[in-house]
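Report on the structure
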Amino acid sequence: MIRVALLGPGTFSEEAVRHLLDDSGQQVELHHYKLISEVFLATVNGVTDYSVIPVENTIEGSVSLHLDWLVHEVNLPIQAEWAYRITMNLIGFSSELTMLPGESAEAKLGGIQKIASHPTALAQCRQFLRSVIPQAELVETGTTAEGAKLVKGNGPGRGFAAVGTKSAAKLHGLDILYEEIQDHNNNFTRFVLAGGEPLALDRPSERKTSILVTLPEDFPGALHQVLSAFAWRRINLSKIESRPTKKKLGSYYFYIDIEAPMDSVLLPAALAEIEAIGCQVRVMGSYPNYT
Ligand SMILES: O=C(O)C(=O)C[C@]1(C(=O)O)C=C[C@@H](O)C=C1
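Residues numbered from 1 in each chain as written. Predicted model: local features only at pLDDT ≥ 70, side-chain atom pairs only at ≥ 80, totals over all residues.

If you look the chain up in an unreviewed UniProt entry, it shows as Prephenate dehydratase from Paenibacillus gansuensis. Entered under Pathway (unreviewed entry) in the UniProt record, the comment concerning the chain runs "Amino-acid biosynthesis; L-phenylalanine biosynthesis; phenylpyruvate from prephenate: step 1/1." On record in UniProt, under Catalytic activity (unreviewed entry), the comment for the chain is "prephenate + H(+) = 3-phenylpyruvate + CO2 + H2O". (UniProt positions renumbered as here; feature names shortened; annotations may be inferred.)

Below is the structure:
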């Protein structure tokens with residue numbers, strides 16, 4: 001039995017973890033939380049074995065708050081990664097839509113005054129919300145499912161809707177007012193499973209390694225040297241992002257995703273070379289990327 005902490009219930013995190021683990025043959029116990037800090041702490045405190053963390057979205061890029069927690073607040077290695085397609089739905093009370101004959105589905109949304117959801121979810125539908133429901137005030141919630149719960153709690157007749165999953169609509173007895181409202185069809189969120197033990201699933205995967213590199217101060221060309229340590233070994237990088245170290249203004253570390261396992265011959269040599277020029281290297285995990 002594996003115990004998994006996640007944002008939920010009725011969230012995209014829940015859909016994503018079910019997509020990864022439901023047919024895996026593993027016995028899974030889901031522990032739902034409202035805040036990402038609670039998700040991390042459940043695993044840190046041994047209440048769960050793993051935390052499910054959304055880390056990056058096609059439209060919005062990195063989820064900085066979540067990455068920062070992984071880096072600064074906890075020391076949980078990444079044990080798996082996968083991408084899950086996100087389709088956003090406008091959910092609420094269909095009884096509120098003005099059903100004028102001949103009017104378009106969009107026009108019927110004219111009575112909506114407030115829309116609640118997770119900020120990343122609202123951002124993924126920015127163009128739709130601005131063009132179709134420009135009058136609505138956006139209300140940020142801890143998860144998309146919390147938005148749905150808020151709408152349900154307010155009751156019909158208040159012009160309140162949420163952006164979220166179909167499962168949240170079902171969970172809270174709401175209707176789906178409009179499907180597929182994300183601004184781009186190719187909308188994926190990358191999730192990681194962080195926890196103490198490696199987790200091997202019987203499905204196709206490629207190995208990846210994520211590292212944090214802090215450059216030495218006053219070393220011109222240090223980043224160039226870091227990148228060349230990978231380049232001449234022909235090791236592919238799939239992401240490099242700078243984030244503040246939080247120690248000093250202007251001080252940054254680099255978060256680098258590498259398309260190679262830690263136990264390959266070349267990668268440890270590249271990391272040793274980077275350390276030799278005075279960089280600090282922390283391995284965030286070497287893990288399967290499930291397709
Ligand atoms: O609120 C949810 O449904 C979540 O699972 C969180 C989250 C995120 O933090 O990115 C997950 C996937 C989507 O990108 C939108 C929201």
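**Some points on helix H3 (residues 64–73)**
Within H3 the residues assigned to the buried category are His-66, Trp-69 and Leu-70. The buried residues of H3 all sit within an arc of 95° when viewed along its axis, so they share a single face. Residues of H3 that are exposed and angled more than 90 degrees away from the buried face: Leu-65 and His-72. Structurally, H3 contributes buried residues whose contacts are with helix H2 (36–44), strand E3 (50–57), strand E11 (188–195) and strand E15 (280–290). (Buried ≥ 20, exposed ≤ 12 C-beta atoms within 10 Å, placed from the backbone. Helix = DSSP H or I, 4+ residues; strand = E, 2+ residues; numbered from the N terminus. Arc of directions from axis to C-beta. Contact = placed C-beta atoms within 7 Å.)

**Brief notes about the site of the ligand**
In the neighbourhood of the ligand, 15 residues make up the surrounding shell, with Thr-11, Phe-12, Ser-13, Thr-143 and Thr-144 lying closest. Elements represented by at least two residues in the shell around the ligand include exactly helix H1 (12–21), E3, helix H4 (119–124) and helix H6 (144–154). For the shell around the ligand, the per-class residue count stands at 7 nonpolar, 8 polar and no charged. Here the shell around the ligand gathers at least three residues from each of two domains, domain 1 (2–86 + 188–195) and domain 2 (89–178). (Near = placed C-beta within 6 Å. Nonpolar A, V, L, I, M, F, W, Y, C, P; charged D, E, K, R; others polar. Domains from an automatic or database assignment.)

**A closer look at the UniProt feature "domain: ACT" (unreviewed entry) in the chain**
Sites flagged by UniProt as "domain: ACT" (unreviewed entry) map to residues 211–288. The span residues 211–288 shows a helical share of 27% and a strand share of 36%, and its end C-alpha atoms are spaced 15 Å apart.

**Some words on unusual backbone geometry**
A cis geometry characterises the amide bond from Gly-8 onward to Pro-9, with omega recorded as 0°. Mapping Pro-9 onto the fold places it in the loop between strand E1 (2–7) and H1. The phi torsion at Lys-246 lies on the positive side, around 70°, for a residue other than glycine. A residue is classified by how many C-beta atoms lie within 10 Å of it, and Lys-246, with 11 of them, is exposed.

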